[in-house]
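# Structure at a glance
Given next are the chains, with one letter for each unit.
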Amino acid sequence: MRQIIVMTALLGGALMLAACGASDSAKEAEAFKTVNAIDETNLSDIMLTVSDPKEAVKYFQRSANENPDRIDLKRGLAKSLVRAKQHDQAVKVWQAVLAMPGATDADKVGLADAQIRSNDWAGAKATLNTVPPTYETYDRYRLEAMVADSSKQWKKADSFYDTAVGLTTRPAGVLNNWGFSKLTRGDAKSAEKLFAEALTYDPSSFTTKNNLVLARAAQRKYDLPVVDMTQTERAQLLYTAALSAIKQGDVNTGRSLLQEAVDTNPQYFEEAARALAALDANKVKA
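Residues numbered from 1 in each chain as written. Predicted model: local features only at pLDDT ≥ 70, side-chain atom pairs only at ≥ 80, totals over all residues. Heavy atoms only, no water.

### Comments concerning the confidence of the model for the protein
Scored by pLDDT, the protein comes out at a mean of 87, with 84% of its residues at no less than 70. In this model, residues 27-38 is a region of pLDDT below 50 whose contacts with residues beyond four sequence positions or in other chains number 0 contacts. (pLDDT = per-residue confidence, 0-100. Contact = heavy atoms within 4.5 Å.)

Written as structure tokens, this is what we have:
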């Protein structure tokens, strides 16, 4: 009888140890699963920011194929396709994202962004119309402004641009877009102000500096604005001002600016030199 009791106790202990072992294994598996999920999330973030766009596309394509129910990986693929400038493909993937459970209004904005990049303005407008007015984000209003611009709905565009500026701490890009919109409408003075404001947030943007010179030149203000610029940038901006002056009939001013651009550039400035030679040749003929 005593042997039976001892054996029963031993068996019970073994079963408890086995149960503990199984429990520990389950905990370990769950822990590894959590760690892998965290690592994967970090990797996804890295692939969407600092990695090569083409490599990011490959990563998300492979991951999304292996996990077809993971909407986050599908989103990552759509975003990486936009970064890789494969906009038509990005539109298709965003549409697939919106068909999945868990799709959000942010995904609709992502689709509209890809549609604009693929020059489907009507599609972008239709997509944005499905976003409820309660969804108020910088990206949403930035795109709304661009769509309104494309339809020449200037009052709506200005309202959307203004709202977008108020919803971000980095408004340089949208201020530049707003300035370019004003410039295309012929309001060079307002455009100049917006470009100058954009440069206070991103002083390194050459595109904005060039647009600022265009806005000033449209008002026949051909001197360069007081902004940070390299010697090469200065030569390029002088070239922009020169071409604008010539286009508006201020040929002598344009010639002087071209000469200054050639003299300023630390290397041979072929385009400016060619334009200057053409002006001099026409002057001789005249």
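### Some remarks on the packing of helix α2 (residues 53-66) against helix α3 (residues 71-83)
Axis separation between α2 and α3 bottoms out at 8 Å; the angle between their running directions is 155 degrees. One element, α2, and the other, α3, form an angle in the roughly antiparallel class. Considering the relative orientation of α2 and α3, their crossing is left-handed. Contacts between α2 and α3 pair Pro53, Ala56, Val57, Phe60, Gln61, Ser63 and Ala64 from the former with Leu73, Lys74, Gly76, Leu77, Ser80, Leu81 and Arg83 from the latter. Residue composition of the contact of α2 with α3, by class: 8 nonpolar, 4 polar and 2 charged. (Axes fitted to C-alpha atoms, helices over the stretch in contact; angles between N-to-C directions. Helix = DSSP H or I, 4+ residues; strand = E, 2+ residues; numbered from the N terminus. Parallel < 35°, antiparallel > 145°, perpendicular 65-115°, else oblique. Left-handed = near helix turned anticlockwise from the far one by under 90°. Nonpolar A, V, L, I, M, F, W, Y, C, P; charged D, E, K, R; others polar.)

### A closer look at the side chain of Glu192
With respect to the helices and strands, Glu192 occurs in helix α10 (residues 188-201). Judged by its relative accessible area of 14%, Glu192 falls in the buried class. A polar side-chain atom of Glu192 sits 2.9 Å from a polar atom in the side chain of Lys221. In this structure, Glu192 is in contact with Leu212, Ala215, Arg216, Gln219 and Lys221, ignoring residues within four places of it in sequence. (Buried < 20%, exposed > 50% of the residue type's maximum accessible area, 1.4 Å probe, protein only. Polar contact = N/O pair within 3.5 Å; in protein donor to acceptor, adjacent residues only side chain to side chain.)

### Things to note about the nonpolar core
Core analysis: the biggest nonpolar cluster contains 23 residues, and Ile116, Leu143, Tyr161, Val174, Leu175 and Trp178 have the highest contact counts within it. When residues of this core are traced back to their parent elements, those giving at least two are α5 (105-117), α6 (121-128), α7 (138-150), α8 (154-166), α9 (172-185) and α10. Sort the elements by how many residues they give to this core and α7 lands first, with 7 residues. Not counting the four nearest positions on each side in its chain, Tyr161 is found in contact with Ala145, Met146, Asp149, Val174, Asn177, Trp178 and Ser181. The next biggest cluster of nonpolar side chains, apart from the first, holds 21 residues, and it includes Met47, Leu77, Val91 and Leu111. (Core = buried A, V, L, I, M, F, W, Y, C linked by side-chain atoms within 4.5 Å.)

### Points about the packing of aromatic side chains
Taken as a whole and assessed by the stated rule, the structure comprises 4 aromatic pairs. Ring geometry for Tyr239 versus Phe269: centroids 5.3 Å apart, planes at 55 degrees, classification tilted. Of the two residues, Tyr239 sits in helix α12 (residues 231-247) while Phe269 sits in the loop between α13 (251-264) and α14 (270-285), which places them 30 residues apart along the sequence. Under the relative-accessibility criterion, Tyr239 is labelled buried at 18%. Classification of Phe269 by relative accessible area gives buried; the value is 3%. (Phe/Tyr/Trp six-rings, centres within 6.5 Å; stacked < 30°, edge-to-face > 60°.)

### Things to note about the packing of α10 against helix α11 (residues 206-217)
Running from N to C, α10 and α11 point in directions that differ by 155 degrees, and their axes come no closer than 8 Å. Classified by the interaxial angle, the pair formed by α10 and α11 is roughly antiparallel. With respect to the hand of their crossing, α10 and α11 are arranged in left-handed fashion. Contacts from Ala188, Ala191, Glu192, Phe195, Ala196, Ala198 and Leu199 of α10 reach α11 at Thr208, Lys209, Asn211, Leu212, Ala215 and Arg216. Broken down by class, the residue content of the contact of α10 with α11 amounts to 8 nonpolar, 2 polar and 3 charged.

### What about α9?
When the terminal C-alpha atoms of α9 are compared, their 20 Å separation across 14 residues agrees well with the 20 Å that a helix rising 1.5 Å per residue should span. Tucked into the core, α9 has its buried residues touching α7, α8, α10 and α11. Once α9 ends, the next one or two residues include Gly186, with phi positive near 95 degrees. (Expected span 1.5 Å × (residues − 1).)

### Focus: the layout of surface pockets
By volume, the largest pocket is sized at about 370 Å³. The wall of the largest pocket is formed by 14 residues, among which Lys79, Trp94, Gly110, Asp113 and Asp139 lie closest to the centre. Those elements that place two or more of their residues in the lining of the largest pocket are α3, α5 and α7. The computed volume of the second largest pocket comes to approximately 220 Å³. Along its surface, the second largest pocket is lined by Trp121, Met146, Asp149, Ser150, Trp154, Tyr161, Asn176, Asn177, Phe180, Ser181 and Thr184. When residues of the lining of the second largest pocket are traced back to their parent elements, those giving at least two are α7, α8 and α9. The biggest single contributor to the lining of the second largest pocket is α9, with 5 residues. Residue composition of the lining of the second largest pocket, by class: 5 nonpolar, 5 polar and 1 charged. (1 Å grid on protein atoms, 1.4 Å probe; cavity = no way out; pocket = protein on both sides within 12 Å on 5 of 7 lines; lining within 4 Å. Points joined across faces, edges and corners; volume = space filled by probe spheres on them.)

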